[in-house]
Each structure stands twice: as structure tokens, then as C-alpha cells.
Amino acid sequence: TTTMAKSPDVWKTIEQFLNTTASASGKPAKGSDPAVSDTVPKGGLRMQRLKRFLPMFLNGSRYNTTPDTGSLENAISADEACRLGLKITGRGRQFLMGNGSTTISRGIVRLKCAFALGERCLTRQSFHVIDNLVVPVIIGKKFLDISEIMTTNQHRLEAVWISARKAFQVMHLNRSRQLVRCYVNGKLVHANPDTGSEVDLMSPFYARENSLKIEALEEGEDWVQFADGSTAQLLGKTHVDLDIYDGRYKSATEYRGHSRTFYLLDGLRNDVLLGEEALYDMRVFTEHEDSFVDSDDCGLSVEMNLITWFDK
């Protein structure tokens, strides 16, 4: 694969950003929370995208929950827990956002759960209560794996076309227990598979190391929002060929270089993060289970990987 040339002007801007925001401790720097009017373009610049929800009944109330393979645990917003009159028990737990920032839950609630589509399959599940959670309910990877939602039971998901302004939200609640092998411009990469992310992300260091051509961002697409409502600034974008790993032949699947746009995020813990659209488009969960590999870097903190378009 031909290596892309660097874009010096954009890289200079990125280096200046990293130098001015890096903290003395070496931890990823938080982006300041922008005012909505400053980050969301007025007027148009809207996009249509296909969003997949997992409709469920929680204590009798129907929710379009967010199935998030990038979040190990289930979560519910503090507002919803209050509305349902739930008793919060246990101690709060620290969660790691997509850019390395952290938030602490209030505790745990237990909910009666049933699927809205197909057989209901009643169960009782624990949910971490998160202040300012940007979606009402997140269904994490543990329960998604047990119930085989992403593999044999995708019929329980509901796909809905939605319209949103072109700025991101990023759900990211747990450090990934599994990575997916894929090819970026023909180079094998271990990526974080995150259905809670509406955008494909790349670390600026990986982009620089591979001499990728970086483009400036358009107005309104330069901020991402995380699960706890916090925000961070994107540094640029790059267009690459993406393919998935075929375990049978130990090579690319000949997906034939599907071009995708990746956005650069400082503090991203993996070189590459694949979002919802790419994962479903390439049928990673249903046709390429042999592309997954267990991660040996789970750590003590729990990540919350929810990355979505930021909508006014």
C-alpha cells in the first residue's frame, strides 16, 4: 500500500495542541467543555446515519438502550434512576472515558430486564448509576456476550435512521477485553471494537508514526462528547483503506480497501478504534469472530466507551 504523505501545516498545529495541553503528570489532557453555540454549526451541516438500539423493558418501562461493546458494564443515568424510584446501593466505581479522563458512579441499581423484540427472556441485571450520562441506558459487553446480541441474536436490535448535526459523541465505559484485528492501509492493527462510538478514531501518534496525510476539520466536527457529558477536541482527520482480518487464511478478507475517515483524538488508549458503522458494515460480529483476540491490557480502571455525534 502506498504510504500517504505528511501534511506539515496540520501536523504543526497538532504538535502545538499536544504541547500546550499535556499535563505535567503525563496524563491525557481534558478538553474544555465548549458552549453548544460555539461547537454546533448554526443552520445546516446535518447528516443521516443508521443507529442501532436494543429495545428493552426495564422495570416495566420500555427503553431504546444503547448496546456498547466498548463498555464492559451496564449503566443508567442518574436522572432515569431517580425517575424510576430506584434505590442505589454499593460504593461508587471509577470509570475511564475515551480520552483518559475519569468519572465516578454513584453506586449500583438492580433492574428487571426483558427484551422488547423476540422472546422476552426475563432477567435481573446490575446497572452503574452515572451522573450526566448522555444516553438513558447503556447495555455493556458482559450482557451483550451472554445474550449473544451481537452474534446470533441481532434480530433483537432495531435500526433507526436519525438526523444529527455533524459533531461527535463518544461512549467509552470500560477498557476493552477484546480487540479486533484489521488492516489500515494494508498494515495489521489491533483495534478497539466499539459499537457505542459513532465515529472511527485514531491516536495522533499512530497517524504520525505511519506518515498519514492529515486534513483539517470542518466547522462543527472538531469536538467529541463522552458518556459523562465531558468533551474533548479532535485534532484532524485522515482517510485510509480499512479491511478486516480473516483468521482462516491469516490475511485480509479482500474487503477491497473500503475507504473510511478516521478522526485523531489525543489520549486514545488504542492505536485505532472502530465505531458502530464500520463494525456492522463489515459484519465483524457475525462473519469474522475469528478476527477477535483477547487483550492483555485490561488494567484496574473500568472504561466507558461511548462516542457519539454531539447534537444541539
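Computed from a predicted model, the values in this text were never measured in an experiment.

Engineer: Describe the packing of aromatic side chains, with residues and values.
Structural biologist: Per the counting criterion, the structure on display carries four aromatic pairs. When the ring of Phe-115 is compared with that of Phe-143, the centres are 5.9 Å apart and the planes differ by 20°; the resulting orientation is stacked. Residue Phe-115 is found in strand β6 (residues 107-115), and its partner Phe-143 is found in helix α4 (residues 141-146); the two are separated by 28 residues along the sequence. The exposure class assigned to Phe-115 is buried, which follows from its relative accessible area of 5%. Take Phe-143: its relative accessible area is 6%, and that puts it in the buried class. Through successive ring pairs, a cluster of aromatic residues spans Tyr-280, Phe-285 and Phe-292.

Engineer: Let's hear about the nonpolar core: which residues, and what values?
Structural biologist: Counting residues in hydrophobic clusters, the biggest one holds 49 residues, and the most contacted among them are Ile-76, Phe-127, Val-272 and Leu-274. Here the element with the most residues in this core is β6; it accounts for four residues. Discounting residues that sit within four places of it in the chain, Ile-76 has contacts with Ala-81, Leu-84, Leu-86, Val-109, Leu-111, Phe-127, His-128, Val-129, Ile-130, Leu-133, Pro-136 and Val-137. Counting residues in hydrophobic clusters, the runner-up holds 22 residues, among them Phe-95, Ile-130, Met-171 and Val-199.

Engineer: Quick rundown of the pairing of strand β7 (residues 123-130)? Include the residues and the values.
Structural biologist: Sheet topology places strand β3 (residues 75-77) next to β7; three bridges connect them, and they run parallel. Bridge pairing in β7 places Ile-76 opposite Val-129. As paired strands, β6 and β7 are joined by seven bridges and run antiparallel to one another. Considered in β7, the bridge of Ile-108 is made with His-128.

Engineer: Quick one: what's the story with unusual backbone geometry, residue by residue and with numbers?
Structural biologist: In terms of backbone geometry, most residues other than glycine have negative phi values and most peptide bonds are trans. One non-glycine residue, Asn-132, adopts positive backbone phi at about 60°. Tracing the chain through its elements places Asn-132 in the loop between β7 and β8 (137-139). Of the residues examined, Asn-132 reaches a relative accessible area of 60% and is grouped as exposed. One non-glycine residue, Asn-185, lies in the positive phi region at around 55°.

Engineer: Describe the pattern of salt bridges, naming the residues involved and giving the relevant values.
Structural biologist: Side chains that differ in charge, positive against negative, can pair when their charged atoms come close. The final tally for this structure, using the stated rule, is twelve salt bridges. Here Lys-51 ties to Glu-198 by a salt bridge, and the two come within 3.4 Å at their closest N and O atoms. Taken as a pair, Lys-51 in strand β1 (residues 46-58) and Glu-198 in the loop between β12 (187-193) and β13 (201-202) lie far apart in primary sequence, 147 residues in all. For Lys-51, a relative accessible area of 4% gives the class buried. In this structure, Arg-260 and Glu-277 form a salt bridge, with 2.9 Å as the shortest nitrogen-oxygen distance. Highlighted residues: Arg-260 in strand β18 (residues 258-264) and Glu-277 in helix α6 (residues 276-281), separated in sequence by 17 residues. A relative accessible area of 48% means that Glu-277 is categorised as partly exposed. Here the residues in one salt-bridge network are Lys-51, Glu-198 and Glu-276, joined through shared partners.

Quick notes on the rules
- Residues numbered from 1 in each chain as written.
- Predicted model: local features only at pLDDT ≥ 70, side-chain atom pairs only at ≥ 80, totals over all residues.
- Heavy atoms only, no water.
- Phe/Tyr/Trp six-rings, centres within 6.5 Å; stacked < 30°, edge-to-face > 60°.
- Helix = DSSP H or I, 4+ residues; strand = E, 2+ residues; numbered from the N terminus.
- Buried < 20%, exposed > 50% of the residue type's maximum accessible area, 1.4 Å probe, protein only.
- Core = buried A, V, L, I, M, F, W, Y, C linked by side-chain atoms within 4.5 Å.
- Contact = heavy atoms within 4.5 Å.
- Pairing = 2+ DSSP bridges.
- Salt bridge = Lys/Arg side-chain N within 4 Å of Asp/Glu carboxyl O.

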